[in-house]
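Coordinate analysis (summary)
Okay, here's what each chain looks like letter by letter:
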Amino acid sequence: FDEVDSLRKSMEISATGISVPRPVCSFAHLQLGEKLMTAISRHGYSTPTPIQCQAAPAALAGRDVIGIAETGSGKTAAYLIPIIVHCLDQRELETGEGPIAIVLCPTRELALQIDSEFRAFAKNSGLGSVVLAGGLNKTDQFKLLRKGAEVCIANPGRFIDIVKMKGFTLQRVTMVVLDEADRMLAMGFEKQVRSIVTNVRPDRQTLLFSATMPTKIERLARDLLKSPVRISIGVAGH
Ligand code: ADP
Ligand code: MG
C-alpha cells in the first residue's frame, strides 16, 4: 500500500472509490496483447501519463471511471486502450450487430481526432470505427455501420439522428465513454447524452472524462455511473 501511495503521490494522482485498482507505471504492466503494445509504441507512446497510469487499469478491470485531468494530459488513450481490449474480448463472446463501444464527444473535430488515435492503436486488430458527426456524409456512415464497426465515435445530435433512422442497434453496446463531458453540457447536450446512455443496456461499463467537474457533471456521473473509481490529476477537480 505504501508503494501504491507513493507512486500516486509522485504522479499527483488522487483516486477514490471502492477497491481502487493499483496504478501502473508502464504500458507493459497493463498486460496488453502484442499487437496493441506494438501499435502503442509505434504511435510514439513510451511511458503512460498519470491519467493513463490510473484510469487504464481501472477501466481494464471493468470499473466505471470518472477521470478529471486538464487538457493535454492524455485522456484519449486512457479510455481507447481499454476500449480496444474490451472490443477484442467481446467480439469473441458475442455475435450480433451494432457497435460494442461508443464514445460521445462535443465536436466533429474532436471526434475525428479520437478516431485517428483509435485507428493508430487498433492497427492490425481487425477492429473498425465509424465517426457520426455533423457535416460528414451520412451514406458513408451507414456503410461503415453495415460493415460492422465495433467502435462508434459520435456527437450526441448526429448519433440520435442515425439511431432514429434505424442506422444501428444499441443491443451490443457494453462500453460507453463521455469525453469532454463539461464541454458537452456547456454546449447544451445534456438531454441527448442522458437519453443515449440510458438507452444502453444496464450492464454497460461507463467512463466519464472531463477537464473540470462542475455540479452538473457530478450529478450526471451520479445518475449514469455505478460505484465509479474517481481519479483526478494535479489540481484538476479539487
Ligand atoms: P486530453 O484528451 O487529456 O486533452 P490527449 O489524449 O488529446 O489529451 O493527448 C494530448 C497529446 O499528448 C496528444 O498529442 C497525444 O497524442 C499525446 N500523448 C498522450 N499520451 C501520451 C503518451 N503516453 N506518450 C506520448 N504522448 C502522449
Ligand atoms: Mg481529450
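The coordinates are above.
Report on the accompanying structure.

Procedures and definitions
Residues numbered from 1 in each chain as written. Chains lettered and ligands numbered in written order. Predicted model: local features only at pLDDT ≥ 70, side-chain atom pairs only at ≥ 80, totals over all residues. Heavy atoms only, no water. Near = heavy atom within 4 Å. Polar contact = N/O pair within 3.5 Å; in protein donor to acceptor, adjacent residues only side chain to side chain. Areas by Shrake-Rupley, 256 points an atom, 1.4 Å probe, with all protein chains shown as cover. Nonpolar A, V, L, I, M, F, W, Y, C, P; charged D, E, K, R; others polar. Phe/Tyr/Trp six-rings, centres within 6.5 Å; stacked < 30°, edge-to-face > 60°. Helix = DSSP H or I, 4+ residues; strand = E, 2+ residues; numbered from the N terminus. Buried < 20%, exposed > 50% of the residue type's maximum accessible area, 1.4 Å probe, protein only. Salt bridge = Lys/Arg side-chain N within 4 Å of Asp/Glu carboxyl O. Contact = heavy atoms within 4.5 Å.

**Some words on the site of ligand 1**
Lining the immediate environment of ligand 1, one finds 14 residues, of which Y45, T47, Q52, G72 and T76 sit closest. For ligand 1, an oxygen atom lies 2.6 Å from a polar atom in the side chain of T76. Relative to its unbound accessible area of 560 Å², ligand 1 is 69% covered by the protein chains. Grouping the amino acids of the shell around ligand 1 by side-chain chemistry returns 3 nonpolar, 8 polar and 3 charged.

**A word on the packing of aromatic side chains**
Scanning the model with the defined rule gives 3 aromatic pairs in all. Residues Y45 and F121 carry aromatic rings whose centres are separated by 5.5 Å and whose planes lie at 75 degrees to one another, so their mutual orientation is edge-to-face. Placement of Y45 in the loop between α2 (34-42) and α3 (50-60) and of F121 in helix α5 (residues 108-121) is noted, with a sequence separation of 76 residues between them. Here Y45 falls in the partly exposed class, since its relative accessible area comes to 24%. Among the residues examined, F121 registers a relative accessible area of 1% and is labelled buried. On the basis of an interplanar angle of 40 degrees and a centroid distance of 5.5 Å, the ring pair of Y79 and F209 is categorised as tilted. Of this pair, Y79 sits in helix α4 (residues 75-93) while F209 sits in strand β7 (residues 205-210), and the two are 130 residues apart along the sequence. Each member of the pair Y79 and F209 is classed as buried.

**Points about the pattern of salt bridges**
Under the criterion given, the structure shown has 9 salt bridges. A single network of salt bridges, built from pairs that share partners, joins E190, R194, K216 and D223.

**Describing the environment of V4**
As for its placement among the helices and strands, V4 is situated in helix α1 (residues 2-10). Sequence separation between V4 and V24 is 20 residues, and the spatial gap between their C-alpha atoms is 9.1 Å. In contact with V4, not counting residues within four places along its chain, are R22 and P23.

**Topic: helix α7 (residues 156-164)**
All of the buried residues in α7 are P156, R158, F159, I160 and I162. In the segment just after α7, K166 is the residue with positive phi, at about 60 degrees.

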